[in-house]
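Results of the structural survey
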Amino acid sequence: MTIRENWALPMERIEEYLQGLAQARELAQARYAIGGCEVCLQPLEESKVGSYSFPRTLVTFSGEEEAVARFHRQFMIRFLTLGG
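Quick notes on the rules
- Residues numbered from 1 in each chain as written.
- Predicted model: local features only at pLDDT ≥ 70, side-chain atom pairs only at ≥ 80, totals over all residues.
- Heavy atoms only, no water.
- Helix = DSSP H or I, 4+ residues; strand = E, 2+ residues; numbered from the N terminus.
- Buried < 20%, exposed > 50% of the residue type's maximum accessible area, 1.4 Å probe, protein only.
- Axes fitted to C-alpha atoms, helices over the stretch in contact; angles between N-to-C directions.
- Parallel < 35°, antiparallel > 145°, perpendicular 65-115°, else oblique.
- Left-handed = near helix turned anticlockwise from the far one by under 90°.
- Contact = heavy atoms within 4.5 Å.
- Patch = residues over 30% accessible without salt bridge, like charges linked within 9 Å, V, L, I, M, F, W, Y side chains within 5 Å.
- Areas by Shrake-Rupley, 256 points an atom, 1.4 Å probe, with all protein chains shown as cover.
- Salt bridge = Lys/Arg side-chain N within 4 Å of Asp/Glu carboxyl O.
- Polar contact = N/O pair within 3.5 Å; in protein donor to acceptor, adjacent residues only side chain to side chain.

Next up on the list: unusual backbone geometry. Even without glycine at this site, Ala30 takes up a positive phi of about 65°. Take Ala30: it is sitting in the loop between strand S2 (24–28) and strand S3 (31–34).

Turning our eyes to something else, we now look at the environment of Glu64. Relative to the helices and strands, Glu64 resides in the loop between strand S5 (52–63) and helix H2 (65–80). You can call Glu64 exposed: its relative accessible area is 54%.

Attention now moves to the packing of helix H1 (residues 11–19) against H2. Running from N to C, H1 and H2 point in directions that differ by 120°, and their axes come no closer than 12 Å. In terms of orientation, H1 and H2 fall into the oblique class. The two elements H1 and H2 meet at a crossing, and its hand is right-handed. Here H1 contributes Arg13, Ile14, Tyr17 and Leu18 to the contact with H2, which in turn contributes Phe71, Gln74, Phe75, Arg78 and Phe79.

Judged by side-chain polarity, Val49, Tyr52 and Phe54 come together as a nonpolar surface patch covering roughly 330 Å² of accessible area. Turning to its location among the elements, Tyr52 is positioned in strand S5.

As a further point, take the side chain of Glu5. You can see Glu5 is positioned in strand S1 (residues 2–7). Looking at Glu5, its side chain comes within polar contact range of the side chain of Trp7, at 2.9 Å. Side-chain polar atoms of Glu5 contact the side chain of His72, separated by 2.8 Å. If we skip the residues at most four places from it in the chain, Glu5 touches Thr57, Leu58, Val59, Phe61, His72 and Met76.

See below:
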């Protein structure tokens, strides 16, 4: 299973989160394994709306369906809540 999403977050903030997870293992630069899920990060060009700029990161979750669904949900909860 693969899920690709374009997030309005700087790649560094996502990496900080992933590196802080006890179960996460860094495979290579911007690539992490969490259980049966692999997470790859790719910085994208900033989005501009008027005079405002927003960082963009392509986040790809891939691997075993159950593991991807479980970690994707955890990721969504972390970054869609206040203070995420």
